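# Working through the structure, step by step
If you want the building blocks of each chain, they are given just below.
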Amino acid sequence: MSESTTTTEITRRRMLQGTVVATAVAAGTVVLGLTGPTVTPASGADTESGDSFDEVFRNRRIQGMPMSGEGHHAMSGYMVLIDGRELHMMRNADGTWISVINHYQTFATPRALARAAVNSLDGADLAPLAA
Amino acid sequence: MAVRKNQATLTAAEKRAFVNAVLELKRRGTYDAFVSTHNDFIMSDTDTTERTGHRAPSFLPWHRSFLLRFERALQAIDATVTLPYWDWTTDRTPNSSLWGPDFLGGDGTGTGGRVATGPFAQSGGNWTLTVRPDTRNYLTRELGQGGESLPTRADVDAVLAIATYDAAPFNSSSSGFRNNLEGWTGINLHNRVHVWVGGNMSTGMSPNDPVFWMHHCMIDRLWAGWQSRHPGQGYQPVRRTRNVVALNDTMKPWNDVTPADLLDHTKFYTYDSAY
Ligand SMILES: [Cu+2]
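Procedures and definitions
- Residues numbered from 1 in each chain as written.
- Chains lettered and ligands numbered in written order.
- Predicted model: local features only at pLDDT ≥ 70, side-chain atom pairs only at ≥ 80, totals over all residues.
- Heavy atoms only, no water.
- Helix = DSSP H or I, 4+ residues; strand = E, 2+ residues; numbered from the N terminus.
- Buried < 20%, exposed > 50% of the residue type's maximum accessible area, 1.4 Å probe, protein only.
- Contact = heavy atoms within 4.5 Å.
- Areas by Shrake-Rupley, 256 points an atom, 1.4 Å probe, with all protein chains shown as cover.
- Salt bridge = Lys/Arg side-chain N within 4 Å of Asp/Glu carboxyl O.
- Polar contact = N/O pair within 3.5 Å; in protein donor to acceptor, adjacent residues only side chain to side chain.
- Nonpolar A, V, L, I, M, F, W, Y, C, P; charged D, E, K, R; others polar.
- Axes fitted to C-alpha atoms, helices over the stretch in contact; angles between N-to-C directions.
- Parallel < 35°, antiparallel > 145°, perpendicular 65-115°, else oblique.
- Arc of directions from axis to C-beta.
- 1 Å grid on protein atoms, 1.4 Å probe; cavity = no way out; pocket = protein on both sides within 12 Å on 5 of 7 lines; lining within 4 Å.
- Points joined across faces, edges and corners; volume = space filled by probe spheres on them.
- Core = buried A, V, L, I, M, F, W, Y, C linked by side-chain atoms within 4.5 Å.
- Pairing = 2+ DSSP bridges.

### So, the overall build of chain A
A tally of regular secondary structure across chain A gives three helices and nine strands. Order of helices (α) and strands (β) in chain A, N terminus to C terminus: β-α-β-β-β-β-α-β-β-β-β-α. Here chain A holds 131 residues, and 48% of them are scored as buried. A separation threshold of at least 6 residues defines the contact pool for chain A, and within that pool the share at least 24 residues apart is 47%. For chain A, the accessible area works out to roughly 6100 Å², and carbon and sulfur atoms hold 51% of it.

### As for unusual backbone geometry
Along the chain, Ala168 of chain B connects to Pro169 of chain B via a cis peptide bond; the corresponding omega equals 10°. In this structure, Pro169 of chain B sits in the loop between helix H4 (153-160) and helix H5 (177-182). Of note, the amide linkage connecting Gln236 of chain B to Pro237 of chain B takes the cis form, showing an omega dihedral of 0°. For Asn59 of chain A, which is not a glycine, the phi torsion comes out positive at approximately 65°. Relative to the elements of secondary structure, Asn59 of chain A occurs in the loop between strand S4 (53-57) and strand S5 (60-66). Taking the relative accessible area as the measure of exposure, Asn59 of chain A reaches 72% and is therefore exposed. Phi at Asn255 of chain B is positive, roughly 60°, even though this residue is not glycine. You can see Asn255 of chain B is positioned in the loop between helix H7 (211-229) and helix H8 (259-262).

### Considering the interface of chain B and chain A
Between chain B and chain A, the contact holds 34 residues from the first and 22 residues from the second. Our enumeration of links across chain B and chain A arrives at zero salt bridges. At the boundary of chain B and chain A, one finds ten residue pairs in polar contact (both at pLDDT 80 or more). Residues that form the side of chain B that touches chain A fall into these classes: seven nonpolar, 21 polar and six charged.

### Some remarks on helix H6 (residues 190-197) of chain B
Residue and element names in this part refer to chain B. With eight of eight residues buried, H6 lies mostly within the body of the structure. Within H6, burial applies to His190, Asn191, Arg192, Val193, His194, Val195, Trp196 and Val197. Positive phi appears at Gly198, one or two residues downstream of H6, with a value of about 70°.

### Section: the packing of helix H2 (residues 30-44) of chain B against helix H3 (residues 59-77) of chain B
Packed helix pairs are specified by the crossing angle of their axes together with the interaxial distance, meaning the distance between the axes. Residue and element names in this part refer to chain B. Where H2 contacts H3, the axes come no closer than 11 Å and their chain directions differ by 170°. In this view, H2 runs roughly antiparallel relative to H3, as classed from their interaxial angle. Between H2 and H3, the residues in contact are Tyr31, Phe34, Thr37, His38 and Phe41 and Trp62, His63, Phe66, Arg69, Phe70 and Ala73, respectively. Residue composition of the contact of H2 with H3, grouped by class: seven nonpolar, three polar and one charged.

### Details of H4 of chain B
All names here are of chain B. Within H4, the full set of buried residues consists of Asp155, Val156, Val159 and Leu160. Viewed end-on, H4 has its buried residues packed into an arc of 130°, placing them on one side of the element. Summarising the contacts, the buried residues of H4 are in contact with H5, H6 and H7.

### Describing empty space enclosed by the protein
Under the criterion given, the structure shown has three cavities of 30 Å³ or more. In this structure, the largest cavity encloses a volume near 50 Å³. If you go around the largest cavity, the residues you meet are Asn119, Ser120 and Asp122 of chain A together with Gly112, Gly113, Arg136, Thr140, Arg141, Glu142 and Gly199 of chain B. Residue classes in the lining of the largest cavity are distributed as no nonpolar, six polar and four charged.

### Details of the nonpolar core
A general feature of soluble globular proteins is that nonpolar side chains tend to end up buried together. Residue and element names in this part refer to chain B. Among the nonpolar cores identified, the biggest contains 90 residues, and Trp86 and Trp88 are the most heavily contacted of them. Among the elements that line this core, the one with the most residues is H7, at ten residues. Once residues within four sequence positions are removed from consideration, Trp88 is found in contact with Leu150, Pro151, Val156, Leu189, Val193, His215, Met218, Ile219 and Leu222.

### Things to note about the layout of surface pockets
Approximately 340 Å³ is the volume found for the second largest pocket. Considering the residues around the second largest pocket, the lining is formed by 19 residues, among which Asn102 and Ser120 of chain A together with Glu142, Gly146 and Ser202 of chain B are closest to the centre. At three residues, helix H3 (residues 110-121) of chain A tops the list of elements feeding residues into the lining of the second largest pocket. Of the residues that constitute the lining of the second largest pocket, the class distribution is four nonpolar, twelve polar and three charged.

### A short note on the pattern of salt bridges
Pairing is possible between side chains that carry opposite charge, provided their charged atoms lie close to one another. All names here are of chain B. In the structure shown here, the tally under the stated rule is 23 salt bridges over all chains. Among the ionic pairs, Arg4 bridges to Glu71, the shortest N-O distance being 2.8 Å. Placement of the pair is Arg4 in strand S1 (residues 2-4) and Glu71 in helix H3, with a sequence separation of 67 residues. Glu71 shares its class with Arg4; the two are buried.

### Describing the pairing of S4 of chain A
Residues and elements named next belong to chain A. By the criterion of burial, S4 is predominantly enclosed, with four of the five residues buried. Here S4 runs beside S5; their pairing, made up of five bridges, is antiparallel. Looking at S5, one finds that Phe53 is bridged to Gly64. Where S4 folds back on S5, the antiparallel hairpin that results is connected by two residues, among which Arg58 adopts a positive phi of roughly 50°.

Shown next as structure tokens:
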């Protein structure tokens, strides 16, 4: 399958318009922010190619952004959202990534990790992460 | 002494007894507690922090204790039951009797990869997932679809030939027997079987698929096989080491057992045939 035919890159310009600010809600899920940011990307997002992404892959919106601060993403320094829900992920010593959906398989980039999770989810939504 | 057998050799009555004990454990809620425990460790075991169940030397003793506790819970329901092992070097296809309707049920089908046959199909009313990573409350599989093949006998022999148990930094980047077996580096026996089964087995909540126990029983058997090949080698680290479980440290979450306590499995059970 050619990923380029099934994905749509959302541009940096759109990101800077503020549509991808994540907000941690009380329930412990992360949704796309409409009520003001409490968590923001650690550094100017997208300053290096591959740092952040925001695209539609197989009809799912996947986003990734470097993070700092508190929360599940603090350990890995990165957060991936699938349709606004946080994907629990972890960085390996060799720099590759795993997620709770594909725990026994490593991926070179958070974007590849997010796409693999979309494939495995096969239309299902992520469950909220425990607080 | 309990004998753990190759799943392919179980009689129809033995398969039924195993399945019924697992279903009863599920009905009581105990099964899902095992799924939770596994996932708690999956989430917290990292390469740079405290790690116990995975990507660490204690991967093998932790899972040995985890399996023993599960097996005892089954035996409290039916004293004749022991954990079977799945030897994936010989039972390598979705057509194996392992995946039959009288045992674990078959491959996933349709959108979502739903397992629709056997005693663990959600439609049967006995197997609804509560501890799960996504909104699907049914068992899922994608046998052989994950881009990984099952390890061969040659792969196993190569891993069992590695003399050193484990090595600093005692994580997913270590050389040594444990990590080649676990699969973050090198030949990879354990991780890729999870990927081969796919669906729930690929996730941190992998014990939702009962094949988890049979796969890990095989991994446990291979640890014993390594020990018999390398009588002069042993668990590492022996001395206290930051973030990992040393030979005489107790393991979370139970805090009542050390790797040293678990090195000799014949205190607890034997295998029908040694690897
Ligand atoms: Cu495993």
